[in-house]
Amino acid sequence: MLLQAMNLSKAYNHVPVIDDFSFEIDEKEIVVLVGRSGTGKTTLMRLINNLEKADQGTISIDDAVLCKQGLRGAEYADRKKRRIYQNKIGMVFQDYALFPNLSVLDNLLEAPLAQKLGSREELTTKAKALLEKMGLAEKIEAMPSTLSGGQKQRVAIARAMMLNPRVLCFDEPTSALDRESSDSIGELIQQIAADGTGILIVTHDTEFGQKYGTRIVSSSEFLKNI
Ligand SMILES: Nc1ncnc2c1ncn2[C@@H]1O[C@H](COP(=O)(O)OP(=O)(O)O)[C@@H](O)[C@H]1O
Ligand SMILES: [Mg+2]
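Residues numbered from 1 in each chain as written. Chains lettered and ligands numbered in written order. Predicted model: local features only at pLDDT ≥ 70, side-chain atom pairs only at ≥ 80, totals over all residues. Heavy atoms only, no water.

Draft legend 1. Broad picture of unusual backbone geometry. Within the chain, Asp62 stands out as a residue other than glycine whose phi angle is a positive 50 degrees. By the element assignment, Asp62 lies in the loop between β4 (56-61) and β5 (64-70). The class of Asp62 is partly exposed, set by a relative accessible area of 29%. Despite not being glycine, Glu172 has its phi angle at roughly 45 degrees, a positive value. (Helix = DSSP H or I, 4+ residues; strand = E, 2+ residues; numbered from the N terminus. Buried < 20%, exposed > 50% of the residue type's maximum accessible area, 1.4 Å probe, protein only.)

Draft legend 2. Region of interest: the layout of surface pockets. Roughly 460 Å³ of internal volume is contained in the largest pocket. Listed by contribution, the elements that provide at least two residues to the lining of the largest pocket are α2 (79-86), β7 (89-92) and α5 (149-161). Looking at the lining of the largest pocket, its residues break down into 10 nonpolar, five polar and two charged. (1 Å grid on protein atoms, 1.4 Å probe; cavity = no way out; pocket = protein on both sides within 12 Å on 5 of 7 lines; lining within 4 Å. Points joined across faces, edges and corners; volume = space filled by probe spheres on them. Nonpolar A, V, L, I, M, F, W, Y, C, P; charged D, E, K, R; others polar.)

Draft legend 3. The site of ligand 1, seen in detail. As a structural note, the neighbourhood of ligand 1 is formed by Tyr12, Val17, Arg36, Ser37, Gly38, Thr39, Gly40, Lys41, Thr42 and Thr43. Within the contact set of ligand 1, an oxygen atom lies 2.9 Å away from a side-chain nitrogen or oxygen of Lys41. Taking Thr42, its side chain carries an N or O atom lying 2.8 Å from an oxygen atom of ligand 1. The fraction of the free accessible surface of ligand 1 (560 Å²) that becomes covered by protein chains is 55%. Sorting elements by how many residues they give to the shell around ligand 1 places helix α1 (residues 41-48) first, with three residues. Its residues assigned to classes, the shell around ligand 1 shows two nonpolar, six polar and two charged. (Near = heavy atom within 4 Å. Polar contact = N/O pair within 3.5 Å; in protein donor to acceptor, adjacent residues only side chain to side chain. Areas by Shrake-Rupley, 256 points an atom, 1.4 Å probe, with all protein chains shown as cover.)

Draft legend 4. View of the environment of Gln94. Structurally, the position occupied by Gln94 is in the loop between β7 and α3 (104-114). Here Gln94 falls in the partly exposed class, since its relative accessible area comes to 37%. It is 8.5 Å that separates the C-alpha atoms of Gln94 and Ala176, two residues lying 82 residues apart in sequence. Leaving out residues up to four positions away in the same chain, Gln94 has contacts with Asp171, Glu172 and Ser175. A polar contact is formed between the side chain of Gln94 and the side chain of Ser175, at a distance of 3.5 Å. (Contact = heavy atoms within 4.5 Å.)

Draft legend 5. Structural context of the sheet that holds strand β6 (residues 73-76). Strand order in the open sheet formed by five strands is β2-β1-β4-β5-β6, with antiparallel pairing between adjacent strands. The sheet terminates laterally at β2 (15-25) and β6, the two strands that pair on one side only. The sheet shows a mean angle of 25 degrees between the axes of neighbouring strands, taken without regard to direction. Looking at chain direction, β4 and β5 are connected through three bridges and run antiparallel. Paired with Ile61 across the two strands is Ala64, which belongs to β5. Across the face of the sheet, α1 comes into contact with β1 (3-12), β2, β4 and β5 while running at roughly 60 degrees to β2. Docked against the sheet, α2 engages β1, β4, β5 and β6, running at close to 120 degrees with respect to β5. (Pairing = 2+ DSSP bridges. Axes fitted to C-alpha atoms, helices over the stretch in contact; angles between N-to-C directions.)

Draft legend 6. Main features of the nonpolar core. In this structure, Ile157, Leu168, Phe170, Ile189, Ile199 and Ile201 are the most contacted members of the largest nonpolar core, which totals 38 residues. Per element, the largest residue contribution to this core is six residues, and it comes from α5. When sequence neighbours within four positions are dropped, the list of residues in contact with Ile157 reads Val92, Met134, Phe170, Ile185, Leu188 and Ile192. By size, the runner-up hydrophobic cluster in this structure holds 32 residues, among which are Phe23, Ile25, Ile48 and Val217. (Core = buried A, V, L, I, M, F, W, Y, C linked by side-chain atoms within 4.5 Å.)

Draft legend 7. Structural view of the sheet that holds β7. An order of β7-β8-β9-β3-β10 is seen for the five strands of this open sheet, with the pairing classed as parallel. Edge strands, defined here as strands with exactly one partner in the open sheet, are β7 and β10 (215-218). On average, each strand axis in the sheet is tilted by 20 degrees relative to the strand beside it, whichever way the strands run. As defined by bridge partners, strand β3 (residues 30-34) adjoins strand β9 (residues 198-203) across five bridges and the pair is classed as parallel. Each bridged residue has a counterpart across the sheet, and for Ile30 the counterpart in β9 is Ile199.

Draft legend 8. Examining the pairing of β9 more closely. In terms of burial, β9 is largely enclosed, as six of its six residues are buried. A two-sided burial pattern is seen for β9, the buried positions comprising Gly198, Leu200 and Val202 on one face and Ile199, Ile201 and Thr203 on the other. Strand direction decides the pairing type here: strand β8 (residues 167-171) and β9, joined by five bridges, are parallel. Counterpart to Val167 in the pairing with β9 is Gly198. Crossover connection from β8 via helix α6 (residues 179-194) to parallel β9: handedness right-handed. (Right-handed = clockwise from strand over helix to strand, strands pointing away.)

Written out as structure tokens, the structure is:
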């Protein structure tokens, strides 16, 4: 098993959003989390990306543990171990969150250069190969504001792939796209999964979920015990 999240609970101001929820993602799986707006889908994705702290539960990818259930709730690993976990997971945000003042190439290079994952030359070669694979070779010097929604989404995916995640998460990947662009993003996600990455997609687009998911989970499971 790649990602394991066990007995997760999270409340905001004492109002539970997730209660004792467990799920897993295996290699090559595309797990789609569907459910209405406000049911905690983004919260769950933020928990497993360490952007938000779980109150209770255990979260791990391979041997890397982010937090473990202790006597008084989820106990988080030290900084160094959290970093190891974090390097195994990537997230494509709903609004893409591209750096508007950086070219497509520089958007891709920013994080791996900061993390010293290679020389500028090596990373540029990798970025070019990824952009080519995504049909964006001619956009390498473009600024994000000149791209369509579907192109921005691809740049955001390429940027996440620069860090070789074992698990890649997508928050509402189709919310700003027409059906045709959605299908091409769905096919791209299938390719990434086939290469061995575990995928988590959070969406209220059930049609997209059923078409591209290998497993569907409903957010109505989050509060089943309450
Ligand atoms: N940072 C926060 N502080 C307080 N409440 C929050 C916060 N983030 C989300 N919530 C609440 O948690 C619930 C689930 O939100 P969210 O995870 O964004 O749902 P979804 O992604 O399914 O639309 C909502 O009621 C929302 O208002
Ligand atoms: Mg959301």
